[in-house]
Amino acid sequence: MLSSFKHHLSRVIGIKPLPLLGSFLMGLFLMGLVLLTPLTANRALASEWRELAQKTVDYKAEVDKVKLGRKEQNLTSIKLRCDQGTVNLKQIELFMSDGESKKVDNLGVLTKGLSSRAITVPKSEGHLERIELAYDSVGSQALGLAGVAKKGKITVLGKEKASDKEQASDKD
């Protein structure tokens with residue numbers, strides 16, 4: 001198949017292909033691709049958002065707490081994603097293990113498929129211990145029963161900081 005393509009190409013362009021040069025360039029291209037793939041894969045994995053928790057949001061205003069375990073100690077930022085309904089995000093507060101906290105107000109309204117902006121976790125001696133979310137779902141129980149408006153469902157996502165090895169490879 002490849003030889004027929006080369007033959008067709010030579011007829012259209014009017015140049016005869018150089019078999020050794022073409023094979024060499026293809027081999028060089030594939031070798032470069034194989035060598036670069038692990039570098040780009042590590043950077044992509046380092047910057048992925050990971051699911052920390054899922055919450056169902058009632059129609060009335062409420063505050064939910066998300067306690068984080070040891071796996072979530074190295075987070076650099078968090079964000080919320082709306083998976084169902086419409087959610088009015090009033091406030092998020094991040095609590096660190098050393099007593100420091102960060103409060104973010106007025107994050108807006110999220111509808112299905114939308115995410116909040118990324119919120120940077122404070123750099124401190126401690127790690128992120130818990131997150132408090134103040135929000136409500138847009139609609140009412142009557143509209144929910146009628147099938148017009150569903151309760152909101154959100155997912156809390158976190159991004160971890162890159163390890164020392166990944167940071168060293170980024171500098172290269």
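Rules behind the numbers
- Residues numbered from 1 in each chain as written.
- Predicted model: local features only at pLDDT ≥ 70, side-chain atom pairs only at ≥ 80, totals over all residues.
- Heavy atoms only, no water.
- Helix = DSSP H or I, 4+ residues; strand = E, 2+ residues; numbered from the N terminus.
- Buried < 20%, exposed > 50% of the residue type's maximum accessible area, 1.4 Å probe, protein only.
- Contact = heavy atoms within 4.5 Å.
- Areas by Shrake-Rupley, 256 points an atom, 1.4 Å probe, with all protein chains shown as cover.
- Salt bridge = Lys/Arg side-chain N within 4 Å of Asp/Glu carboxyl O.
- 1 Å grid on protein atoms, 1.4 Å probe; cavity = no way out; pocket = protein on both sides within 12 Å on 5 of 7 lines; lining within 4 Å.
- Points joined across faces, edges and corners; volume = space filled by probe spheres on them.
- Nonpolar A, V, L, I, M, F, W, Y, C, P; charged D, E, K, R; others polar.
- Phe/Tyr/Trp six-rings, centres within 6.5 Å; stacked < 30°, edge-to-face > 60°.
- Lys NZ or Arg CZ within 6 Å of the ring centre and 35° of its normal.
- Pairing = 2+ DSSP bridges.
- Core = buried A, V, L, I, M, F, W, Y, C linked by side-chain atoms within 4.5 Å.
- pLDDT = per-residue confidence, 0-100.

K.L.:
Go over the overall build of the chain with me, naming the residues and quoting the values.
P.N.:
Assigned secondary structure in the chain consists of four helices and eight strands. Counting the 172 residues in the chain, one finds 27% classified as buried. Taking as baseline every contact in the chain between residues at least 6 positions apart, the subset at least 24 positions apart corresponds to 77%. Of the roughly 11700 Å² of accessible surface on the chain, 57% is carried by carbon and sulfur atoms.

K.L.:
Pulling in residues and values, what's your account of the environment of N74?
P.N.:
With respect to the secondary-structure elements, N74 resides in the loop between strand 2 (62-67) and strand 3 (75-84). The partly exposed category is assigned to N74, whose relative accessible area is 44%. Sequence separation between N74 and H127 is 53 residues, and the spatial gap between their C-alpha atoms is 6.9 Å. When neighbours within four sequence positions are excluded, N74 is seen to be in contact with K159, E160 and K161.

K.L.:
Give a detailed account of the pattern of salt bridges, specifying residues and quantitative values.
P.N.:
Summed over the entire model, instances satisfying the criterion amount to seven salt bridges. A salt bridge links E160 to R50; the nearest nitrogen and oxygen atoms lie 3.0 Å apart. One end of the pair, E160, is in strand 8 (residues 152-160); the other, R50, is in strand 1 (residues 50-57), and 110 residues separate them in sequence. Here R50 falls in the partly exposed class, since its relative accessible area comes to 30%. Residue D58 pairs with K60 through a salt bridge whose shortest N-O separation is 3.9 Å. When its relative accessible area of 23% is taken as the criterion, D58 is described as partly exposed.

K.L.:
How would you explain the layout of surface pockets if you had to name every residue and give the values?
P.N.:
Empty space within the second largest pocket amounts to approximately 200 Å³. Taken together, 13 residues make up the lining of the second largest pocket; nearest its centre are Q73, L75, P122, K123 and K161. Its residues assigned to classes, the lining of the second largest pocket shows five nonpolar, six polar and two charged.

K.L.:
Pulling in residues and values, what's your account of the packing of aromatic side chains?
P.N.:
A complete count under the given rule lists zero aromatic pairs for this structure. Sitting above the plane of the F95 ring, R130 keeps its charged end 3.9 Å from the centroid.

K.L.:
Before we move on, could you go through the sheet that holds strand 3 and cite the residues and values that matter?
P.N.:
Within a sheet, adjacent strands bond to each other through the backbone by hydrogen bonds, running parallel or antiparallel. Within the open sheet, the four strands sit side by side as 1-8-3-6. Their pairing is antiparallel. Here the strands that pair on one side only, and so sit at the sheet edges, are strand 1 and strand 6 (119-120). When strand 3 meets strand 8, the two strands line up antiparallel, connected through eight bridges. Counterpart to I78 in the pairing with strand 8 is G158.

K.L.:
Tell me about the nonpolar core, and please be specific about residues and values.
P.N.:
Ranked by size, the top nonpolar core spans 25 residues in total, and within it I78, I92, L94, L128, I131, L133 and V156 carry the most contacts. Put simply, the parts of the chain that give this core at least two residues each are strand 1, strand 3, strand 4 (86-96), strand 5 (101-111), strand 7 (128-137) and strand 8. Per element, the largest residue contribution to this core is five residues, and it comes from strand 4. Ignoring anything within four residues of it in the chain, the contact list for V156 reads R50, E51, L52, A53, V66, K79, L80, I131 and L133.

K.L.:
How would you summarise the confidence of the model for the chain if you had to cite specific residues and measurements?
P.N.:
Detailed conclusions should not be drawn from predicted coordinates in areas where pLDDT is low. Summarising the model, the chain shows a mean pLDDT of 75, and 60% of its residues fall at 70 or more. In the predicted structure, residues 164-170 sits below a pLDDT of 50 and forms five contacts with residues beyond four places in sequence or in another chain.

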